[in-house]
Amino acid sequence: MAKVHKDVCIGCGTCCALAAHLFRMGEDGKAECYKQPETPEEMAAFEDAMNSCPVGAITPEVDEVATDASDDEDLKMAA
Ligand code: SF4
């Protein structure tokens, strides 16, 4: 599911400003995705926030996707 990786987030607040109905700042000073995007409008707002995050801390609804290049290579070989 769509989420903020708190270990990466620097707490700049951009995502909350762009999509306050999806993101909020947690008590730890890091953002959190408190509502999953469902409608086309929410998806657009989510993507806008994701693309605007300066550190790439927001990821979409694909939990199982490998972020590491070597894993990508494994996926290609398995396909
Ligand atoms: S835009 Fe990125 S770095 Fe900034 S608060 Fe949101 S998740 Fe954290």
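Located above this text is the structure these notes cover.
Now for a description of the structure that goes with this document. Everything numeric in this text was worked out from a predicted model, so none of it was measured. Residue positions are given per chain, counted from 1 along the sequence in the order it is written. Since the coordinates come from a predicted model, pLDDT governs what is reported: local features require at least 70, and pairs of side-chain atoms require 80 or more to be given and counted, while whole-chain, interface and lining totals use all residues.

What follows covers the overall build of the protein. Strands here are runs of E lasting at least two residues and helices are runs of H or I lasting at least four, both read from the DSSP assignment and numbered beginning at the N terminus. In terms of regular secondary structure, the protein is built from three helices and four strands. If you list the helices and strands of the protein from N to C, you get β-α-β-β-α-β-α. Put plainly, a residue is buried at 20 or more neighbouring C-beta atoms within 10 Å of its own, exposed at 12 or fewer, and partly exposed in between, counting only other residues' C-beta atoms, which are placed from the backbone. The buried share of the protein, reckoned over its 79 residues, is 20%. Of the contacts made within the protein by residues no fewer than 6 positions apart, 56% connect residues no fewer than 24 positions apart. Here the contact rule is simple: place C-beta atoms from the backbone, and any two residues whose C-beta atoms are within 7 Å are in contact.

Here we come to the site of the ligand. We call a residue near a molecule or strand when its C-beta atom, built from the backbone, sits within 6 Å of it. Taken together, 14 residues sit near the ligand, with Cys9, Cys12, Cys15, Ala31 and Cys53 positioned nearest. Counted by class, the shell around the ligand contains eleven nonpolar, three polar and no charged residues. Under the scheme applied, nonpolar residues are Ala, Val, Leu, Ile, Met, Phe, Trp, Tyr, Cys and Pro; charged residues are Asp, Glu, Lys and Arg; polar residues are all the others, including Gly.

Our next topic: the environment of leucine 18. Along the chain, leucine 18 turns up in helix α1 (residues 14–18). The spacing of leucine 18 and alanine 45 is 27 residues in sequence and 7.0 Å in space, taken between C-alpha atoms. Residue contacts for leucine 18: discarding those within four places in its chain leaves Ala45, Asp48, Ala49 and Ser52.

Okay, the nonpolar core next. Buried together is how nonpolar side chains tend to be arranged in soluble globular proteins. A set of buried residues qualifies as a nonpolar core if it consists of Ala, Val, Leu, Ile, Met, Phe, Trp, Tyr and Cys joined through C-beta atoms within 7 Å. Grouped together as the largest cluster of nonpolar side chains are 15 residues, with contacts concentrated most on Cys15, Phe23, Ala49 and Ile58. Contributing elements (two or more residues each) for this core: β3 (31–33) and α2 (40–52). When near neighbours in sequence (up to four residues on either side) are disregarded, alanine 49 contacts Cys15, Leu18, Ala19, Leu22, Phe23 and Ile58.

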